[in-house]
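Overview (structure and organization)
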Amino acid sequence: LQGIFVLGLPYALLHSGYSGLLLIVLAAALCCYTGKILIACLYEENENGQLIRVRETYEDIANACCKKLSPSLGGIVVNVTQVVELIMTCILYLVVSGNLLSHSFPYVPVAEKTWSVFAFVTLLPCMFIRTLKIVSKLSQLCSLVHFVIIFVFEDFLVSVGVIIFSYTSQIFLPTLEGNMKNPREFRCMLNWTHFFACILKTTFALTAFLTWGENTKEVITDNLPSFLETLVNLCLLTKALLSYPLPFFAATEIVYSCISKDNHSNYRSPLLALTIRGLFLLLTLLMAMFTPHFALLMGLSGSVTGAAMTFLLPSLFHLKLKWKKLSFLEKCADISVFILGFLCSLAGIVCSIKGLLEVFK
């Protein structure tokens, strides 16, 4: 999820100025912190003072926080937010695919929206994905393409959403930590991955911005010379299409798990599974057709679901579950992250929607 969305960072830097560099660093630090406190919410101390993993998912954490109000209210909120974020991610892959194709073949008289439809057709087999094994193989190919790309090519509030969205990974962290051979190394792993992500993204955004300045485009590959642009665009297109199945599969699995709680027989119905996947695919296509603006859509996604899953909910859940055990400074840190996340989210939503309305007008 991290790779393809760095394409919008130079454009974000154009609108935010050099303060955007500080924002990239700050976002990395805050995302790393909220990742740690989110995982801390999975554990409780036993009678001997040992930490025991008593929860497995983001949904479990949310349900534990809201159990006095409703046993499943928190889980519903988190699941809806996760599905929206994952679907928005899929939509962004279609949007960027259409953009990459239209700029790779400018001599072909085909609109960008039509190119998105062509990309969509190649994704129809996703309807038949039933296990994570297939997705993992596609992700391996995606990583391969990413190395090829690296070998070949090395308004401020909207930028907030873009930068936040390029770091979002919290929805995958509970599963990731639970599958590590040594979960004790999770915090160290999170520190190093966010550190290197911050360095690479800052270098990439600054280099591209300094190279093209005011002419920096929404998707930075549009600034490349014709031949190199086509080559890189095709590699990025392959990466985007191979990346699509992961958030798509995750979103449909969340829906399936919710349905199975009420009607187990329907959950196992192949027809129902095929119908839901087909509807999800169609939804991403329609949204990509009606909102063909990569940076604005990415900014809106980051401001709404990205900020909620990355800043607001982890800090809120941590305060709720660990309040008695937190020091004064830890409480202040969580409250500060929550307030900052809320303000950034609110401002980003307003400015992103304003930008989209201006485009449609």
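Residues numbered from 1 in each chain as written. Predicted model: local features only at pLDDT ≥ 70, side-chain atom pairs only at ≥ 80, totals over all residues. Heavy atoms only, no water.

A short note on the overall build of the chain
Secondary structure assignment for the chain yields 15 helices and two strands. Taken across its 361 residues, the chain has 50% of its residues classed as buried. Surface accessibility of the chain: about 17,700 Å² in total, with carbon and sulfur atoms responsible for 70%. (Helix = DSSP H or I, 4+ residues; strand = E, 2+ residues; numbered from the N terminus. Buried < 20%, exposed > 50% of the residue type's maximum accessible area, 1.4 Å probe, protein only. Areas by Shrake-Rupley, 256 points an atom, 1.4 Å probe, with all protein chains shown as cover.)

Thoughts on the state of the cysteines
A full pass over the atoms with the stated rule returns zero disulfides. Summary of cysteine pairing: C32 is not part of a disulfide, and the nearest cysteine sulfur, belonging to C31, is at 8.8 Å. Cysteine C90 is unpaired, with the sulfur of C126 as its nearest cysteine sulfur at 8.1 Å. Relative accessible area serves as the criterion here: at 0%, C90 is assigned to the buried category. (Disulfide = S-S within 2.5 Å.)

Observations regarding the confidence of the model for the chain
Taken over all residues, the pLDDT of the chain has a mean of 76, while the share at 70 or more is 73%. Counting contacts from residues 150-162, a segment whose pLDDT is below 50, to residues more than four positions away or on other chains yields 35 contacts. (pLDDT = per-residue confidence, 0-100. Contact = heavy atoms within 4.5 Å.)

Looking at helix 9 (residues 186-212)
A rise of 1.5 Å per residue sets the reference length of helix 9, with its 27 residues, at 39 Å; its end C-alpha atoms lie 39 Å apart and thus fit the reference within 8%. Listed as buried for helix 9 are F186, L190, H194, A197, C198, K201, T202, F204, A205, A208 and F209. Among the residues trailing helix 9, G213 stands out with phi positive, at a value near 55°. (Expected span 1.5 Å × (residues − 1).)

Here's the deal with the nonpolar core
Taken as a class, soluble globular proteins show a tendency for nonpolar side chains to be buried jointly. Of all hydrophobic cores here, the largest spans 38 residues; its most connected members are L94, L123, Y244, F248, F280 and L281. Listed by contribution, the elements that provide at least two residues to this core are helix 4 (73-104), helix 5 (112-122), helix 10 (226-243), helix 11 (245-262) and helix 13 (270-290). At 12 residues, helix 4 tops the list of elements feeding residues into this core. Residues within four places of L94 in sequence aside, it is in contact with S116, A119, F120, L123, Y244, T284, L285 and A288. C65, M309, L313 and F317 belong to the second-largest nonpolar core, a separate cluster that totals 20 residues. (Core = buried A, V, L, I, M, F, W, Y, C linked by side-chain atoms within 4.5 Å.)

Re the packing of helix 5 against helix 13
The contact between helix 5 and helix 13 brings their axes to 10 Å, and the two run at 165°. Considered as vectors, helix 5 and helix 13 are oriented roughly antiparallel to each other. Here helix 5 runs over helix 13; the crossing is right-handed. Every residue of helix 13 that contacts helix 5 at K113, S116, V117 and F120 is listed here: L281, L282, L285 and M289. By residue class, the composition of the contact of helix 5 with helix 13 is six nonpolar, one polar and one charged. (Axes fitted to C-alpha atoms, helices over the stretch in contact; angles between N-to-C directions. Parallel < 35°, antiparallel > 145°, perpendicular 65-115°, else oblique. Left-handed = near helix turned anticlockwise from the far one by under 90°. Nonpolar A, V, L, I, M, F, W, Y, C, P; charged D, E, K, R; others polar.)

Some points on the packing of aromatic side chains
According to the stated counting rule, one finds eight aromatic pairs in the structure shown. Geometrically, the ring pair formed by W192 and F195 is edge-to-face, given 6.0 Å between the ring centres and 90° between the ring planes. With W192 and F195 both in helix 9 and three residues apart, the pair spans about one turn of that helix. Ring plane angle 70° and centroid distance 5.4 Å describe the contact between F195 and F196, whose orientation is recorded as edge-to-face. (Phe/Tyr/Trp six-rings, centres within 6.5 Å; stacked < 30°, edge-to-face > 60°.)

Some thoughts on the pattern of salt bridges
Per the counting criterion, the structure on display carries three salt bridges. E56 is the salt-bridge partner of R53, the closest N and O atoms lying 2.6 Å from each other. Since its relative accessible area comes to 45%, E56 is described here as partly exposed. Residues joined in a network through salt bridges with shared partners are E44, R55 and K322. (Salt bridge = Lys/Arg side-chain N within 4 Å of Asp/Glu carboxyl O.)

Notes on the UniProt feature "transmembrane region" (unreviewed entry) in the chain
Within this numbering scheme, the UniProt entry marks residues 20-43, 76-95, 115-132, 144-172, 192-212, 271-290, 296-317 and 337-357 as carrying the feature "transmembrane region" (unreviewed entry). Annotated as residues 20-43, this span is 88% helix and 4% strand, and its ends, taken at the C-alpha atoms, are 35 Å apart. The distance from the first to the last C-alpha atom of residues 271-290 is 29 Å, and the span holds 100% helix and 0% strand. (UniProt positions renumbered as here; feature names shortened; annotations may be inferred.)

Regarding a positive patch on the surface
A contiguous patch of positive charge on the surface is contributed by K67, K68, K320 and K324. Residue K68 is classed as exposed on the basis of its relative accessible area of 75%. (Patch = residues over 30% accessible without salt bridge, like charges linked within 9 Å, V, L, I, M, F, W, Y side chains within 5 Å. Lys, Arg positive; Asp, Glu negative; His and termini not counted. Charge placed at Lys NZ, Arg CZ, Asp CG, Glu CD.)

Notes on the side chain of S102
For S102, the position within the fold is in helix 4. The buried category is assigned to S102, whose relative accessible area is 15%.

Remarks on a nonpolar patch on the surface
Where nonpolar side chains cluster on the molecular surface, the patch consists of W323, I335, I339, F342, L343, L346 and V350 and spans about 660 Å² of accessible area. Summarising the element assignment, L346 is placed in helix 15 (residues 328-360).

Quick notes on helix 5
Among the residues of helix 5, those classed as buried are W115, S116, A119 and F120. Projected onto a plane normal to the axis of helix 5, the buried residues spread over an arc of 150° and lie on a single side. (Arc of directions from axis to C-beta.)

Describing the packing of helix 4 against helix 5
Viewed as axis vectors pointing N to C, helix 4 and helix 5 meet at an angle of 115°, and their least axial separation amounts to 8 Å. Crossing hand, helix 4 versus helix 5: right-handed. When helix 4 is examined against helix 5, the residues L94, V95, S97, G98, N99, L101, S102 and H103 are found in contact with a partner set consisting of E112, W115, S116, A119 and F120.

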